[in-house]
Amino acid sequence: MFPLIAASPLPAVGARIGYDVLSGGAFYCHPIEWVLRGYATNPNIALFGEPGRGKSSTVVAMILRLLNFGIRTLISGDVKGEYTPVVKALGAAPIVLGGGSRARVNALDLGPLAAHWDSWSATLQRTELEGVLGRWGQLLAALAESQGYSPTVTDEAAIATVLRRLVGAASGATRLRPITIPDVHRELADPDEELWRELRFADRRECLDELRSITDALGNLISGTLSGLFDAPTNITLDWDAPVQSMDLSRIRSRGDRVVAVSLTCLGAWSSLATDLRSDGQIRCVVRDESWRQLRLGPRAVAAIDAELRLSRLEQIIQILVLHKLSDLLSVGAVGSQAVAIAKDLIALCSTRVLFGQSTHVADELAAALGLTGPELQRLVGAVNERRGRALWKTENHPAHLVQTVLSSFERRLFDTNAQLRPRSTRGRRDDGR
C-alpha cells in the first residue's frame with residue numbers, strides 16, 4: 001500500500017516506458033491517445049537534458065514500443081548515426097548521406113506531389129502546389145540566411161517567381177517539371193528579359209545587382225562543403241513499410257556544425273513533404289534529433305520548425321524534438337526579437353515535455369518557462385539526476401511524473417551511446433555491469 005498517493009490520471013495505454021518512481025506504477029505513453037482523451041492539446045514531445053542523461057535511449061524505447069500500435073517512425077537526420085543499429089535490426093536500411101555515399105536528396109523534390117498529381121482535381125492541384133511552393137520559398141530563404149545573408153522582400157518575391165516558372169505553374173503546364181536548387185540559382189544568376197521585367201526591374205543589370213546577394217547565398221549551397229548533398233535529383237526512396245527509417249548524417253559531421261544544421265533543415269523540409277502527402281493514412285512519428293543545431297541557423301529556420309509543429313494534429317504526425325536546454329531556444333536571436341519569441345512558442349507547441357538531468361541554473365530556467373511547482377523543481381535537480389534514464393514527464397498544466405525508463409536487454413544492445421568508451425570485451429553490458 002502507498003497511502004496518500006494520488007492515482008495517475010494518465011490512461012494505461014500505449015508504449016510502456018518504465019515506472020513512476022513515486023508510486024511504483026507502470027508509466028505508459030501514447031501521444032495520440034493523450035490528445036483524444038483531452039489530456040494534451042497536441043501530440044508533440046520535447047526532450048531536454050544534458051548529454052548522457054538518457055534522452056536518445058528513451059526515444060528509442062518509445063518508438064520501438066509504439067510499433068505495437070501501428071506507429072512507424074522516421075528519424076529526420078541522425079547526426080551521430082546512433083539510430084542506425086536500430087534500423088538495421090528491424091530489417092531496414094538507413095539512408096546514409098555524405099562520405100562517399102551515392103545517396104542524394106533534392107530539397108525541392110516533387111516526390112509525392114507528382115505521384116498524386118493526375119488523381120487530383122484542378123482545384124486541389126492548385127491548392128497543394130501553392131502550399132509546396134510556399135514551403136520551398138521559406139526553405140530557400142532559411143538556407144540563404146544560414147549563409148549569413150537575410151533575404152529581403154524583393155529576394156523572396158524573386159524566389160517565388162522563379163519557382164513558379166521552373167515548375168511550370170506560371171505557364172499553366174499540365175505536368176510538373178522537376179527542379180533543383182542549382183536550377184533556381186541558374187535562373188537568378190542569368191535572368192532572361194521576361195524574368196527581370198516580371199520582377200519590375202529597370203533592366204537586366206539592375207536585376208543582377210539587386211539579387212546578387214541572394215544568388216551568391218544559394219550558390220554556396222551547391223559548392224564547397226555542401227556540394228553533393230542536396231544539389232541533384234533525389235535517388236533514394238523512403239520505405240514506408242519499414243517500422244523505423246532514418247537518414248544518417250554521421251559521415252558529414254566533419255564538415256562542421258553549419259553543414260550539419262543546413263542538412264537537418266533540408267531533410268526536415270524534404271521528409272515533411274513526403275509525410276504530409278503520403279496516402280496510407282497512418283500515424284507517423286518524426287524524430288528531430290539535435291534540433292538545437294537547426295534553431296541556430298536563423299529566424300526562418302525556427303519558423304520552419306514552428307510550422308511543422310503546428311500541423312502535427314492535422315497531418316497525424318507525432319513530432320519529437322531532442323534539445324539540451326532552454327537556452328537552445330533563446331539563443332536564436334537578440335533578446336526580445338521575433339525569432340526568440342517564435343522559438344519560445346515551440347515549447348507551447350509540444351504538449352509533453354520530458355526533462356532529464358540538468359544543472360541548477362538550467363533547471364531554474366526550465367521551471368520558470370514551464371511553470372514547474374516547487375516540488376517538481378526539487379525533483380528536477382535532485383531525484384532526476386540520481387539515475388540515467390530518469391526524467392520528469394510534464395504534460396501542459398498537469399502534475400509532472402517522475403519516470404524511470406527501463407530498457408530491455410535487446411534495446412540496451414542496440415542503443416549503447418557509451419559503447420565507444422568501453423573496452424570491446426565489455427560492450428553491450430548494463431550500466432551496473434550486468
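The preceding data block contains the structure.
The sections below set out a description of the structure shown in this document.

## Notes on the overall build of the chain
Move 1: Looking only at helices and strands, the chain has 18 helices and eleven strands in total.
Move 2: Put simply, the chain has 434 residues, and 54% of those count as buried.
Move 3: Long-range pairs, those at least 24 residues apart, make up 72% of the contacts in the chain between residues at least 6 apart in sequence.
Move 4: About 18,800 Å² of surface is accessible on the chain, with carbon and sulfur atoms providing 51% of the total.

## Observations concerning the side chain of Asp231
Move 1: Turning to its location among the elements, Asp231 is positioned in the loop between α10 (212–219) and β6 (244–248).
Move 2: No salt bridge is formed by the buried Asp231; the nearest opposite charge belongs to Arg104, separated by 5.0 Å.

## Some words on the sheet that holds strand β7 (residues 284–288)
Move 1: The eleven strands are arranged β2-β1-β11-β10-β9-β3-β8-β7-β4-β6-β5 in an open sheet whose pairing can be described as mixed. Whereas interior strands pair on both sides, the edge strands pair on one side only; in this sheet they are β2 (26–29) and β5 (95–96).
Move 2: As defined by bridge partners, strand β10 (residues 390–395) adjoins strand β11 (residues 401–405) across four bridges and the pair is classed as antiparallel. Residue pairing across strands places Arg390 opposite Gln404, the latter belonging to β11.

## What about empty space enclosed by the protein?
Move 1: For the structure shown, the criterion picks out four cavities of 30 Å³ or more.
Move 2: Of the volumes computed, that of the largest cavity is approximately 120 Å³.
Move 3: Forming the walls of the largest cavity are 13 residues, and the residues nearest its centre are Thr265, Gly268, Ala269, Ala304 and Glu308.
Move 4: The set of elements that each furnish at least two residues to the lining of the largest cavity consists of α5 (122–146), α11 (257–276) and α13 (299–310).
Move 5: In terms of residue class, the lining of the largest cavity is built from five nonpolar, five polar and three charged.

## Considering the environment of Thr73
Move 1: For Thr73, the location among the structural elements is in strand β4 (residues 72–78).
Move 2: Along the primary structure Thr73 and Val286 are separated by 213 residues, whereas in three dimensions their C-alpha atoms are 5.7 Å apart.
Move 3: Setting aside anything within four residues of it in sequence, one finds Thr73 in contact with Ile63, Pro243, Val244, Gln245, Cys285 and Val287.

## Remarks on the pairing of strand β8 (residues 317–323)
Move 1: With seven of its seven residues buried, β8 lies for the most part within the structure.
Move 2: Side chains Ile317, Gln319, Leu321 and Leu323 of β8 all project onto a buried face; the interleaved residues Ile318, Ile320 and Val322 project onto the opposite face, where all are buried too.
Move 3: Pairing between strand β3 (residues 45–48) and β8: four bridges, direction parallel. Residue pairing in the sheet places Leu47 in a bridge with Val322 of β8.
Move 4: Relative to β8, β7 runs parallel, the two sharing five bridges. Bridging across to β8, Val287 finds its partner in Ile320.

## Focus: the nonpolar core
Move 1: Leu108, Leu140, Leu163 and Val184 are the most contacted members of the largest nonpolar core, which has 61 residues in total.
Move 2: Put simply, the parts of the chain that give this core at least two residues each are α4 (111–117), α5, α6 (153–167), α7 (181–189), α8 (193–198), α10 and α11.
Move 3: It is α11 that contributes the most residues to this core, ten residues altogether.
Move 4: With residues up to four places along the chain from it excluded, the contact list for Leu163 reads Leu108, Leu133, Trp136, Gly137, Leu140, Ile179 and Val184.

What counts and how
Residues numbered from 1 in each chain as written. Predicted model: local features only at pLDDT ≥ 70, side-chain atom pairs only at ≥ 80, totals over all residues. Heavy atoms only, no water. Helix = DSSP H or I, 4+ residues; strand = E, 2+ residues; numbered from the N terminus. Buried < 20%, exposed > 50% of the residue type's maximum accessible area, 1.4 Å probe, protein only. Contact = heavy atoms within 4.5 Å. Areas by Shrake-Rupley, 256 points an atom, 1.4 Å probe, with all protein chains shown as cover. Lys, Arg positive; Asp, Glu negative; His and termini not counted. Salt bridge = Lys/Arg side-chain N within 4 Å of Asp/Glu carboxyl O. Pairing = 2+ DSSP bridges. 1 Å grid on protein atoms, 1.4 Å probe; cavity = no way out; pocket = protein on both sides within 12 Å on 5 of 7 lines; lining within 4 Å. Points joined across faces, edges and corners; volume = space filled by probe spheres on them. Nonpolar A, V, L, I, M, F, W, Y, C, P; charged D, E, K, R; others polar. Core = buried A, V, L, I, M, F, W, Y, C linked by side-chain atoms within 4.5 Å.

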